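The chain contents come next:
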Number of protein chains: 2
Amino acid sequence: MAENYDCIIVGGGPAGLAAALYTARDRLKTLILEKFMPGGQISTTDRIENYPGFDRVGGIELVEKMQKQAAAFGAEIKTGAEVTALKKLNDASLEVACDKDKYFARAVILSPGSDYRKLGVPGEDKFRNAGAGVSYCGTCDAPFFKDKSVAAVGGGNTALEDTLHLCKHAAKVALIHRRDEFRATKVLQEELLAKANEPGSNLIIKYSTVATAIGGGDKVQSVKLKDLKTGREENYPCDGVFIFIGMVPNTGFLKDFVELNNAGYIKCDCAYLRTSVPGVFVAGDCRVGAAMQLATAVGDGVNAAMALKHYFRDPNWWHQPLADELKIKN
Amino acid sequence: MAENYDCIIVGGGPAGLAAALYTARDRLKTLILEKFMPGGQISTTDRIENYPGFDRVGGIELVEKMQKQAAAFGAEIKTGAEVTALKKLNDASLEVACDKDKYFARAVILSPGSDYRKLGVPGEDKFRNAGAGVSYCGTCDAPFFKDKSVAAVGGGNTALEDTLHLCKHAAKVALIHRRDEFRATKVLQEELLAKANEPGSNLIIKYSTVATAIGGGDKVQSVKLKDLKTGREENYPCDGVFIFIGMVPNTGFLKDFVELNNAGYIKCDCAYLRTSVPGVFVAGDCRVGAAMQLATAVGDGVNAAMALKHYFRDPNWWHQPLADELKIKN
């Protein structure tokens, strides 16, 4: 099987869907290859209030809108299509392989997003794989812990958002954070503290504490905690552990194809999102310097799709250095 | 009068409103100074279908949503507030003057947008100022030309969009374009040609033609056209002339304050949107390298607001050069 496209987009999250809307609207034959279902990480967020234009929207709802919008202009979306390899061909076009299926394109936009970071403690994989009490997604799994006790680990925006979400379902929630202050946005910190300070609150916060192991039989029964200031350890009884400690870029399959930085993010020029391979752009949370916000991923997708037109008009444009006025010295 | 803010945003278009949503949500005291009414150029667009998440939305409607969203988190918006001067003070803070009113901030985000480009022909200013038949905004003024004859000038996206809009109102529309092909997106070109080719269409297209003067008495009565291939001139009778030939950055008041390029766009580093003045960021259509799209302006606003946190955490961050991985050589 071989199919030719103008533009193949690897990853159907907000960055990829925004790029597809633009390329398809420009009447470029566009294919999105998505490993799972469209949406990426944003599908796991049930309350978005910082995407300009929507005062409050669910991740799944927003992604569905973006998907329909791109499809309405002719973008094709293949789900369950995991890209396994990319190759630059002699004629400057690109080959994109999903195992045995091969697709060809004049340009590629990489938007594979980022994935959950693991805690890396004993019990984590065992209970996660068994669906037995370890989760990375409060939105998805909180309802399963109705009237139960859960521990959440982390201190960023997602950690606080999802912990607040857990409080709506679980009987008891303990937020475990290794530092003595949160890095999450202040508005979320305030909301969290207000919740913890409610009379009879079901939320407690354990600062300067790390989770070192997850224990239980068939299901999670406890998490081992260590207080970093006193050295004291305890087995905290709980039915579930939610791990909210950030993301890793989903770029393992790209390491022999484009240049990545040490953390695995795709290197690019930040003006036009060109990678180290001519004809291959990048957009979204998988790139160096990404602000990791929905609106910036969407902006990236549109920027890449606009830049792609420069490349189609003149392939030598790819090698133009950034204008000095885009590298201002301060 | 003197008021202190964490962040002052100059210009209340989509870039400024997106920035304000983020800074206000971060509990930073935020003021938007807007010369006219919030919205910027996008308010004049009645049909937006390329902002991801909205399959079709009016510019005014979308801007109202963005404005309410930012205000809900505490952003203050002053309308009719034209910034006349900015100054960096000795304590590294910034003074922003609207004539006699002065405001002070720890950081500024410049998002003044861009403005309509003028044709520069006899009659243009006279009839525009009198509201007597010269317009730059199809959306705003098309209804005034019901059952009349109008000429439109231009060949970009806005020109084609607004010409199609004019066709819904006017009895006859002539699109005047100086080249023999359009630079607008193909989907719009196709829509335009389909319209022109309808039986009994009210749209004609004059390629390789320029408008050299606008004539009339109290009101527009004709536009003088010159065919660039034959040299032939004609007085084309019409009741209105719509000029859709692009934008100029609204940065005149900034020329002694931040570095601008030759076209008047604000120079910046494209990763963090830092300008030549520490503490002053830029976002949207007024900056060098802007893709001039709604979604990219919004992305810029969010990027600037995220970068601002780096600056507040450590003012020396301002002088950090871009990492090599953001300046990839191709």
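In case you missed it, the structure is sitting above this.
Below: a short report on this structure. Here the residue index of a chain counts from 1 through its sequence in written order. For this description, chains carry letters from A and ligands carry numbers from 1, given in the order in which they are written. Restriction of local features to residues with pLDDT of at least 70 applies here, the model being predicted, together with a cutoff of 80 or more for giving and counting side-chain atom pairs; totals for whole chains, interfaces and linings are based on all residues. The basis for the side-chain values is all heavy atoms of the structure; hydrogens and waters are excluded.

1. Things to note about the overall build of chain A
In DSSP terms, a helix is any run of H or I states spanning at least four residues, a strand is any run of E spanning at least two, and both are numbered starting from the N terminus. Counting secondary structure elements, chain A contains seven helices and 17 strands. As a reference, a globule follows 2.2 Å times the number of residues to the power 0.38, and the radius of gyration itself is taken over C-alpha atoms. Taking 330 residues into account, the globule formula puts the C-alpha radius of gyration at 20 Å, and chain A, at 22 Å, falls close to it. Exposure categories follow from relative accessible area, calculated using a 1.4 Å probe and restricted to protein chains: below 20% of the type maximum is buried, above 50% is exposed, and the middle band is partly exposed. The proportion of buried residues among the 330 residues of chain A is 57%. Only heavy atoms enter the contact rule, under which two residues are in contact if any of them lie within 4.5 Å. Here the contacts in chain A between residues at least 6 apart in sequence split such that 60% fall between residues at least 24 apart.

2. Examining the nonpolar core
Most often, soluble globular proteins have nonpolar side chains that are buried together. Among buried residues, the Ala, Val, Leu, Ile, Met, Phe, Trp, Tyr and Cys ones that are joined through side-chain atoms within 4.5 Å form a nonpolar core. One finds Ile 8, Tyr 51 and Leu 110 of chain A together with Ile 8, Tyr 51 and Leu 110 of chain B to be the most contacted residues of the largest nonpolar core, which totals 134 residues. For Leu 110 of chain B, the contacting residues outside a window of four places in its chain are Val 10, Leu 86, Leu 254, Val 258, Ile 266, Val 280, Phe 281, Val 282, Ala 283 and Cys 286 of chain B.

3. Brief notes about unusual backbone geometry
One non-glycine residue, Asp 147 of chain A, lies in the positive phi region at around 65 degrees. Note that Asp 147 of chain A resides in the loop between helix H4 (138–141) and strand E9 (149–153). Overall, Asp 147 of chain A belongs to the exposed group, its relative accessible area being 58%. Positive phi, normally seen in glycine, also occurs at Ser 208 of chain B, with a value near 50 degrees. A relative accessible area of 7% places Ser 208 of chain B in the buried class.

4. Digging into the relation of the copies chain B and chain A
Two chain copies here: they are related by a rotation about an axis and a translation along the same axis. Copies are brought into register by a least-squares superposition over C-alpha atoms of residues with pLDDT of at least 70 in both. Expressed as a screw operation, the relation of chain B to chain A combines 0.0 Å of axial shift with a rotation of 180 degrees, fitting to an RMSD of 0.1 Å. Both copies are brought into coincidence by an operation consistent with a two-fold rotation axis. Closest to the rotation axis within chain B is the C-alpha of Gly 299 of chain B, separated from it by 2.3 Å. Of all interface residues in chain B, 100% are interface residues in chain A too; the two copies therefore contact each other through one and the same surface.

5. Overview of the environment of Ser 114 of chain A
Residue and element names in this part refer to chain A. Following the sequence through the fold, Ser 114 ends up in strand E7 (residues 114–116). C-alpha separation for the pair Ser 114 and Phe 73, spaced 41 residues apart in sequence, amounts to 27 Å. Those residues in contact with Ser 114 that sit more than four places away from it in its chain are Gln 41, Met 247, Val 248, Pro 249, Asn 250, Tyr 265, Asp 285, Cys 286 and Met 292. Among the polar contacts made by the side chain of Ser 114, one reaches the main-chain carbonyl oxygen of Asp 285 at a distance of 3.2 Å. By the criterion applied in these results, polar contacts are pairs of N or O atoms within 3.5 Å in which, for protein atoms, one can donate a hydrogen and the other can accept it, and in which residues neighboring in sequence qualify only through two side-chain atoms.

6. What to know about the interface of chain B and chain A
Tallying the contact residues gives 52 residues for chain B and 52 residues for chain A. Taking both partners together, chain B and chain A bury about 4,900 Å²; carbon and sulfur atoms supply 56% of that area. Think of a salt bridge as a Lys or Arg side-chain nitrogen and an Asp or Glu carboxyl oxygen that are within 4 Å of each other. With a shortest N-O distance of 2.5 Å, Arg 27 of chain B and Glu 190 of chain A are connected by a salt bridge. Between the two partners, chain B and chain A, sit 26 residue pairs in polar contact (both at pLDDT 80 or more). Taken together, the residues that form the side of chain B that touches chain A break down as 23 nonpolar, 14 polar and 15 charged. Defined here as a combined quantity, buried area equals the accessible surface (1.4 Å probe) lost by two parts on assembly, summed across both. Asp, Glu, Lys and Arg are counted as charged, while Ala, Val, Leu, Ile, Met, Phe, Trp, Tyr, Cys and Pro are counted as nonpolar; the rest, among them Gly, fall into the polar class.

7. Describing helix H1 (residues 14–25) of chain A
An α-helix turns once per 3.6 residues; consequently, residues spaced three or four apart project the same way. All names here are of chain A. In a helix, the anticipated span is given by 1.5 Å times the number of residues less one. With 12 residues, H1 ought to run about 16 Å at 1.5 Å a step, and its terminal C-alpha atoms sit 16 Å apart, in line with that. Counting buried residues along H1, 12 of its 12 residues qualify, which places the element largely inside the surrounding structure. Every buried residue of H1 is listed here: Pro 14, Ala 15, Gly 16, Leu 17, Ala 18, Ala 19, Ala 20, Leu 21, Tyr 22, Thr 23, Ala 24 and Arg 25. Looking one or two residues past H1, Arg 27 carries a phi angle of roughly 60 degrees, positive in sign.

8. Considerations on the packing of aromatic side chains
Residues and elements named next belong to chain A. Pairing of aromatic side chains requires ring centres within 6.5 Å, counting the rings of Phe and Tyr and the six-membered ring of Trp. Pairs whose planes differ by under 30 degrees are stacked, by over 60 edge-to-face, and all others tilted. Here the structure, examined in full by the defined rule, presents 26 aromatic pairs over all chains. Connected via pairs of aromatic rings, a cluster forms that spans Tyr 272, Phe 281, Tyr 311, Phe 312, Trp 317 and Trp 318. The positively charged end of Arg 274 is found above the aromatic ring belonging to Trp 317, 4.8 Å away from the centroid. A ring has a charge above it when a Lys NZ or an Arg CZ is no more than 6 Å from the ring centre and no more than 35 degrees off the ring normal.

9. Examining the pattern of salt bridges
The final tally for this structure, using the stated rule, is 30 salt bridges over all chains. Here Lys 78 of chain B and Glu 76 of chain B are joined by a salt bridge, their closest N and O atoms 3.6 Å apart. Residue classification places Lys 78 of chain B among the partly exposed residues on the basis of a relative accessible area of 23%. The partly exposed category is assigned to Glu 76 of chain B, whose relative accessible area is 28%. For Glu 234 of chain B, the salt bridge goes to Lys 206 of chain B, with nearest N and O atoms at 2.9 Å. Pair noted here: Glu 234 of chain B is in strand E14 (residues 233–237) and Lys 206 of chain B is in strand E11 (residues 203–206), with a separation of 28 residues, a long-range link. Taken together, the shared-partner salt bridges connect Arg 25 of chain A together with Glu 49 and Arg 56 of chain B into one network.

10. A closer look at the packing of helix H5 (residues 157–167) of chain A against helix H6 (residues 186–197) of chain A
Residue and element names in this part refer to chain A. With axes taken as lines fitted to C-alpha atoms, and helix axes fitted only over the stretch in contact, angles between N-to-C directions fall between 0 and 180 degrees. Orientation of H5 relative to H6, taken along the N-to-C sense of each, is 30 degrees, at an axis distance of 10 Å. For the element pair H5 / H6, the angle class is roughly parallel. As H5 packs across H6, the resulting crossing turns out to be left-handed. Here H5 contributes Asn 157, Leu 160, Glu 161, Thr 163, Leu 164 and Cys 167 to the contact with H6, which in turn contributes Leu 188, Gln 189, Glu 191, Leu 192 and Lys 195. Orientation labels follow simple angle bins: below 35 degrees gives roughly parallel, above 145 gives roughly antiparallel, 65 to 115 gives roughly perpendicular, and whatever is left gives oblique. What makes a crossing left-handed is the near helix being turned counterclockwise from the far one by less than a right angle; a clockwise turn instead makes it right-handed.

11. Section: the side chain of Arg 287 of chain A
As for its position among the elements, Arg 287 of chain A is in the loop between strand E17 (280–282) and helix H7 (294–313). When its relative accessible area of 8% is taken as the criterion, Arg 287 of chain A is described as buried. A distance of 2.6 Å separates the side chain of Arg 287 of chain A from the side chain of Asp 300 of chain A, its partner in a polar contact. When sequence neighbours within four positions are dropped, the list of residues in contact with Arg 287 of chain A reads Tyr 265, Ile 266, Cys 268, Leu 273, Val 282 and Asp 300 of chain A together with Leu 326 of chain B.

12. Concerning the pairing of strand E5 (residues 94–98) of chain A
Residues and elements named next belong to chain A. Along E5, five of the five residues are buried, which leaves the element largely enclosed by surrounding structure. The alternating pattern of E5 places Leu 94, Val 96 and Cys 98 on one face and Glu 95 and Ala 97 on the opposite face, and all of these are buried. By definition, two strands form a pair when at least two bridges between them are found by DSSP. As paired strands, strand E4 (residues 85–88) and E5 are joined by four bridges and run antiparallel to one another. Across the sheet, residue Lys 87 finds its bridge partner in E5, namely Glu 95. As consecutive antiparallel partners, E4 and E5 are separated by five residues, and within that stretch Ala 92 has a phi angle of approximately 80 degrees, a positive value. The pairing of E5 with strand E6 (residues 101–110) spans five bridges and is classified as antiparallel. Following the sheet pairing, Cys 98 is matched in E6 by Asp 101.

13. Some details on the environment of Gly 216 of chain B
Residues and elements named next belong to chain B. Examined against the element boundaries, Gly 216 turns out to sit in strand E12 (residues 209–216). Look at Gly 216 and you get partly exposed, because its relative accessible area is 38%. In this view, Gly 216 contacts Lys 126, Phe 127 and Gln 221; residues no more than four positions away in its chain are not counted.

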